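# Breakdown of the fold
These are the residues of each chain, in order.
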Amino acid sequence: MNTWKGYKRADGAYGARNLVAVISTADNSNFIARRVSQAVKGTIPLCPCFGRGEIGEDMEQHIRTMAGMGSNPNVHSAVVVSLEPVIAEKIAEKIRQTGKEAAVFCIDECKDTIRCVEQAVRAAEKMVIQASMEERIETSMEHLVLGVECGGSDTTSGIVSNPALGYVADKLIDLGGTVIMSETTEWMGAESNLLGRAVSEAVGEKIVKAVRWYEDYIQSIGVDLNGFNPAPDNIKGGLSTIEEKALGSIKKGGSKAIEDVLSYSRRPKGKGLYLMDAPTGGVENTTGLSAAGCQLILFSTGKGNPMGNPVAPTVKVTGNARTASASAYNIDVDLSAVLTEERTADWAGEELYAKTVQYANGKMTSSEVLDEVEIAVSRRGFTV
Amino acid sequence: MKTIVKFEEKDNVAVVLVDSKENQEFCLGGEKIVSIEKIPYGHKIALQEMKKGDTVYKYGEPVARCTSDIEKGSWVHVHNVESIRGLGHR
């Protein structure tokens, strides 16, 4: 299976899904986006926290991230709803640059909520009908950008599921594809492995600098990271320290050379393995991955975590037989036979690779069916 | 079914894959290791005696520091080890 089937977009990328995005520019317009999405089948609402009152780099990051999700190959076209048109047009313009249609509707011009919802619903309806004419066509794995993420980790994550994600990451890169691994705090204690794989000293320095930023921040606010990361559920699952969690966590990125360290929600410029400097929370993290263009995310879990990104289908993978059984309706791929039946790591990797292709081809994940649509755009400062 | 996993030769802990009872015997590459207390599923067992301040190795890498002396066969977790990194409160 060295090919998959996707929707070809004007910029040459391929979508694993064919969505119409209803993007709210800030929290003050989320209710409009939700109502539009509820009214039109085939749309997804993208509703951020904050957005209004962000300043400097945070505002730039907010716009880049919302536009990044709208520009994701999984999105056919987008409706942008907003209080005012300036930020909405900035987001829409970035989406249009990828060749997609993006229409803006603002309270400022529509004058009231009902009229804004109505106009946006009319636009979204036309876009969904247009999108329905698209057909999947066969393409190579080099057109797949895969995000790897873990959440609700326990010791089985480092033994079974993260190594299986790493196997898929290596295989995809051998076939010309791209993989993004993030969660900077979980590089802490695993630097010797990562630095040895950086393509240049400059990339290695970026890794060190990214981790140091978090260590300096932890120092500046005077907290013990333990209890926050590892979180209480990780500790209950047997992980005692951030170093132990990190060494299990980075296995999900495989063993290939690290091409570069991207800042939050930025797109990789080439193929291969990239790191993204992003916080570890699943929703915030997958928002950054989907905005960077990942069409699919493999999400490894031990204790279970039901979240899913609305733009990039989020495939839940576990090596914990108890979780696979107790949370069967939140788990997409069960690899626990590695421990219960002593199957090999290669078996788990091949099994997961085959499933990855199925999900890229359109098989729905549990979180898609259950309509999980949470996003959270990362920021480093405060709103003013 | 695997009941215990050790990753690298250098490791001084292993992971148990059952809810271990006191005096439960595990076989690790021909060697026997006996738990001296209950150890929950997925948690670590000490493969040798360790002293306060010693480094705990898992995956062949340092993952923690002992905050008290640890007997062979003990449960190794947040009650007797701590992180080396991320200690902003000190």
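Residues numbered from 1 in each chain as written. Chains lettered and ligands numbered in written order. Predicted model: local features only at pLDDT ≥ 70, side-chain atom pairs only at ≥ 80, totals over all residues.

### Re the overall build of chain B
So the rule is basically this: Here a helix means four or more residues in a row that DSSP labels H or I, a strand means two or more in a row labelled E, and each is numbered from the N terminus. The globule rule used for comparison is 2.2 Å times the number of residues to the exponent 0.38, while the radius of gyration itself is calculated over C-alpha atoms. Counting other C-beta atoms within 10 Å of a residue's own tells you its class, since 20 or more makes it buried, 12 or fewer makes it exposed, and anything in between is partly exposed; those C-beta atoms are placed from the backbone. The contact criterion used is a C-beta to C-beta distance within 7 Å, with each C-beta placed from the backbone.
What chain B contains, in helices and strands, is zero helices and nine strands. Each helix and strand of chain B, ordered N terminal to C terminal, gives the series β-β-β-β-β-β-β-β-β. The C-alpha radius of gyration of chain B comes to 13 Å, within 12% of the 12 Å expected for a compact globule of 90 residues. Per-residue burial over chain B gives 38% buried out of 90 residues. A sequence separation of at least 24 residues applies to 43% of the contacts in chain B between residues at least 6 apart.

### Looking at the overall build of chain A
When helices and strands are tallied, chain A shows 15 helices and 14 strands. Computed over the C-alpha atoms, the radius of gyration of chain A is 20 Å, within 12% of the 21 Å expected from 2.2 N^0.38 for a compact globule of 384 residues. Over its C-alpha atoms, taken along the principal directions, chain A stretches across nearly 60 × 50 × 40 Å. Going through the 384 residues of chain A one by one, you find that 58% of them count as buried. Of the contacts formed within chain A by residues at least 6 apart in sequence, a portion of 70% connects residues at least 24 apart.

### Here we look at the sheet that holds strand β7 (residues 137–140) of chain A
Residue and element names in this part refer to chain A. Rule in force here: Between any two strands, at least two bridges found by DSSP are needed for them to pair.
Reading across from one edge, β2-β1-β7 is the order of the three strands in this open sheet, with antiparallel pairing throughout. Looking at the sheet topology across the chains shown, the edges are occupied by β2 (14–15) and β7. Note that strand β1 (residues 3–8) and β2 share two bridges and pair antiparallel. Note on β2: the bridge partner recorded for Y7 is G15.

### So, the domain arrangement of chain A
Residue and element names in this part refer to chain A. Note the threshold: Domain delimitation follows an automatic or database domain assignment. Basically, the charged four are Asp, Glu, Lys and Arg, the nonpolar ten are Ala, Val, Leu, Ile, Met, Phe, Trp, Tyr, Cys and Pro, and anything else, Gly included, counts as polar.
For chain A, the assigned domains read domain 1 (19–131) and domain 2 (140–369). One C-alpha centre belongs to domain 1, the other to domain 2, and the line joining them spans 29 Å. Facing the twelve residues of domain 1 at the interface are twelve residues of domain 2. Elements represented by at least two residues in the side of domain 1 that touches domain 2 include exactly β4 (43–46) and α2 (57–71). When residues in the side of domain 1 that touches domain 2 are grouped by element, the largest group, five residues, is from α2. Across the side of domain 1 that touches domain 2, the residue classes tally to six nonpolar, five polar and one charged.

### Things to note about helix α8 (residues 201–221) of chain A
All names here are of chain A. Note the cut-off: Multiplying one less than the number of residues by 1.5 Å gives the expected span of a helix. Relevant arc is that of directions from the helix axis to the C-beta atoms, nothing else.
Helix length check: α8 (21 residues) gives 30 Å between terminal C-alpha atoms against 30 Å at 1.5 Å per residue, within 8%. Taken as a whole, α8 has its buried residues at I207, V211, Y214 and I218. Buried residues of α8, seen end-on, are gathered within an arc of 50 degrees and therefore sit on one face of the element. Opposite the packed face of α8, turned more than 90 degrees from it, sit the exposed residues E201, A202, K209, D216 and S220. Taken together, the buried residues of α8 touch α7 (191–197), β10 (258–263) and β11 (272–277). Just downstream of α8 lies G222, where phi reads positive at about 65 degrees.

### So, unusual backbone geometry
A negative phi holds for most residues other than glycine; trans holds for most peptide bonds. Following A:N229, the chain continues to A:P230 via a peptide bond in cis, the omega torsion being 5 degrees. Looking at the secondary structure, you find A:P230 in the loop between α8 and α9 (232–236). A positive phi angle, near 70 degrees, is found at A:E183, a position not held by glycine. Turning to its location among the elements, A:E183 is positioned in the loop between β9 (178–181) and α7. Among the residues examined, A:E183 registers 27 C-beta atoms within 10 Å and is labelled buried. We note that B:Y59 has phi near 55 degrees; this positive angle belongs to a residue other than glycine. With respect to the secondary-structure elements, B:Y59 resides in the loop between β6 (55–58) and β7 (61–66). Of the residues examined, B:Y59 has 20 C-beta atoms within 10 Å and is grouped as buried.

### Here we look at the packing of α2(A) against helix α11 (residues 282–291) of chain A
Residue and element names in this part refer to chain A. Put simply, the rule reads: For helices, the axis comes from a line fit to the C-alpha atoms of the stretch in contact; other axes are also lines fit to C-alpha atoms, and the angle between any two N-to-C directions lies between 0 and 180 degrees. For any pair of crossing helices, the crossing counts as left-handed if the nearer helix is rotated counterclockwise from the farther one by less than a right angle, and right-handed if it is rotated clockwise.
Between α2 and α11, the least distance of the axes is 7 Å, while the angle of their chain directions is 60 degrees. Here α2 runs over α11; the crossing is left-handed. Within the contact between the two elements, α2 uses T65, G68 and M69 and α11 uses T287, G288, S290 and A291. In the contact of α2 with α11, the residues fall into two nonpolar, five polar and no charged.

### Thoughts on the nonpolar core
All names here are of chain A. Stated precisely, the cut-off is as follows: Residues of type Ala, Val, Leu, Ile, Met, Phe, Trp, Tyr and Cys that are buried and joined through C-beta atoms within 7 Å form what is called a nonpolar core.
V22, V36, V79 and A120 are the most contacted members of the largest nonpolar core, which totals 121 residues. In terms of residues, this core owes the most to one element, helix α6 (residues 155–174), which gives nine residues. Both of domain 1 (19–131) and domain 2 (140–369) provide at least three residues apiece to this core. With residues near it in sequence (within four places) discarded, V36 still touches V22, T43, V79, V81, V117, A120, V121 and A124.

### Details of the environment of A:T340
For A:T340, the location among the structural elements is in helix α13 (residues 337–340). Judged by the 13 C-beta atoms lying within 10 Å of it, A:T340 is partly exposed. Not counting residues within four places of it along the chain, the set of residues in contact with A:T340 comprises A:A321 and B:M1.

### Overview of the sheet that holds strand β5 (residues 75–82) of chain A
Residues and elements named next belong to chain A. Pairing within the open sheet is parallel, and its four strands lie in the order β4-β3-β5-β6. Edge positions in the sheet fall to β4 and β6 (102–106), since each has one partner strand and no second. On average, each strand axis in the sheet is tilted by 20 degrees relative to the strand beside it, whichever way the strands run. Its contacts with the sheet place helix α3 (residues 85–96) against β3 (19–24), β5 and β6, and it is angled at close to 170 degrees to β6.

### Considering the interface of chain A and chain B
Counting from both sides, the interface comprises 27 residues of chain A and, opposite them, 26 residues of chain B. Those elements giving two or more residues to the side of chain A that touches chain B turn out to be α6, α8, α10 (242–249) and α13 of chain A. When its residues are assigned to classes, the side of chain A that touches chain B shows ten nonpolar, eleven polar and six charged.

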